[in-house]
Amino acid sequence: ASLSVEDIFEVISPSAVRNLRKRPRNLQLILRKMASSMASVCASTDEGQLTSQNSSMTAALTTVRLLTRMAPFLHEALDSSEVHDILWRPGGLAEGDAKTSTSNGGEAKSPPSCGSELLHYLGCFLFLPGFTISPRTKMTGKHRGEIPKHRVDERVVWSGGVGISDKLTAMPAAPFMKARTEVLGCLLACLSGPLFQ
């Protein structure tokens, strides 16, 4: 079952997040799990498996709500080297954690930072079919087709308008609006550090 915004705020108190900062390994684990959950939601969407009734939708909403709740308290400790390393250093806390992988060319590649992964997936969530935009036919997996370069791709917009077909509904469904609002609120919380310092 999805946790509502009120549930998240009731269960996760400010002191709980502040105490979690005192246990940086646990904080890193939670943030990495959130990024992993967001990645799996995006992958299930790519396979055409995201619907308003499945667990991926619940995971997406819960992850966004958790991050919205935790972000202000992480901003309080931006001067902490541990929080900074967890969010922005490739590999996270310890130097030994930054494992490199080799691509086909044999070049070493460091893992992305947790903060950049979270922001990347929040950006993906803004245009996720079945979550913030209408599911489109022939939009998934190998059926995705070529991305148009001469016009805006109407499969990934919030509503019709200039350069977009009038076939798109002017007013999206309530669940899409709610999800968009929550993702935008989360982005605002993640990018509003000066407000919380």
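The structure we're discussing is the one just above.
Here the structure is a predicted model, which means the values were calculated and not measured. (Residues numbered from 1 in each chain as written. Predicted model: local features only at pLDDT ≥ 70, side-chain atom pairs only at ≥ 80, totals over all residues. Heavy atoms only, no water.)

Colleague: Pulling in residues and values, what's your account of the overall build of the chain?
Modeller: Along the backbone of the chain there are eight helices and two strands. Going residue by residue from the N terminus, the α and β elements of the chain occur as α-α-α-α-α-β-β-α-α-α. Within the chain, contacts between residues at least 6 apart in sequence are counted, and of these 69% link residues at least 24 apart. Here the chain displays about 11500 Å² of accessible surface, and carbon together with sulfur accounts for 57% of that area. (Helix = DSSP H or I, 4+ residues; strand = E, 2+ residues; numbered from the N terminus. Contact = heavy atoms within 4.5 Å. Areas by Shrake-Rupley, 256 points an atom, 1.4 Å probe, with all protein chains shown as cover.)

Colleague: Please give an account of the packing of aromatic side chains that cites residues and values.
Modeller: In total, this model carries one aromatic pair according to the counting rule given. Residues phenylalanine 125 and phenylalanine 131 carry aromatic rings whose centres are separated by 5.4 Å and whose planes lie at 70 degrees to one another, so their mutual orientation is edge-to-face. Per residue, the accessibility class of phenylalanine 125 equals that of phenylalanine 131, and both read buried. (Phe/Tyr/Trp six-rings, centres within 6.5 Å; stacked < 30°, edge-to-face > 60°. Buried < 20%, exposed > 50% of the residue type's maximum accessible area, 1.4 Å probe, protein only.)

Colleague: For the environment of leucine 93, give the residues involved together with the corresponding values.
Modeller: Among the structural elements, leucine 93 can be located in the loop between helix H5 (81–88) and strand E1 (101–102). Leucine 93 sits in the buried class, given a relative accessible area of 13%. Note: C-alpha distance between leucine 93 and glutamine 28 (65 residues apart in sequence) is 7.8 Å. In contact with leucine 93, other than residues within four places in its own chain, are Pro24, Arg25, Gln28, Glu82, Asp85 and Ile86.

Colleague: So what's going on with helix H6 (residues 114–125)? Residues and values would help.
Modeller: The terminal C-alpha atoms of H6, which comprises 12 residues, lie 16 Å apart, in line with the 16 Å expected from a rise of 1.5 Å per residue. Residues of H6 that are buried: Cys114, Gly115, Leu118, Tyr121, Leu122 and Phe125. End-on view of H6: buried residues confined to an arc of 135 degrees, all on one side of the axis. (Expected span 1.5 Å × (residues − 1). Arc of directions from axis to C-beta.)

Colleague: Describe the environment of glutamate 76, listing the residues and the values that go with them.
Modeller: As for its position among the elements, glutamate 76 is in the loop between helix H4 (55–75) and H5. It is 8.9 Å that separates the C-alpha atoms of glutamate 76 and arginine 18, two residues lying 58 residues apart in sequence. Setting aside anything within four residues of it in sequence, one finds glutamate 76 in contact with Arg18, Arg21 and Phe196.

Colleague: Go over the pattern of salt bridges, please, and point to the residues and values.
Modeller: Here the structure, examined in full by the defined rule, presents five salt bridges. Of the charged contacts, one joins glutamate 76 and arginine 18 as a salt bridge, the two residues approaching to 2.8 Å between their closest N and O atoms. Here the residue glutamate 76 occupies a position in the loop between H4 and H5, and arginine 18 occupies one in helix H2 (residues 14–21), the gap between them amounting to 58 residues. Its relative accessible area of 31% is what places glutamate 76 among the partly exposed residues. Note on arginine 18: relative accessible area 32%, which makes it partly exposed. Among the charged side chains, a network of salt bridges with common partners joins Arg18, Arg21 and Glu76. (Salt bridge = Lys/Arg side-chain N within 4 Å of Asp/Glu carboxyl O.)

Colleague: Describe helix H7 (residues 174–191), listing the residues and the values that go with them.
Modeller: The end-to-end C-alpha distance of H7 is 26 Å, a good match for the 26 Å that 18 residues give at a rise of 1.5 Å each. Looking only at H7, the buried set comprises Phe176, Ala179, Arg180, Glu182, Val183, Cys186, Leu187, Ala189 and Cys190. Summarising the contacts, the buried residues of H7 are in contact with helix H1 (5–11), H4, H6 and helix H8 (193–196).

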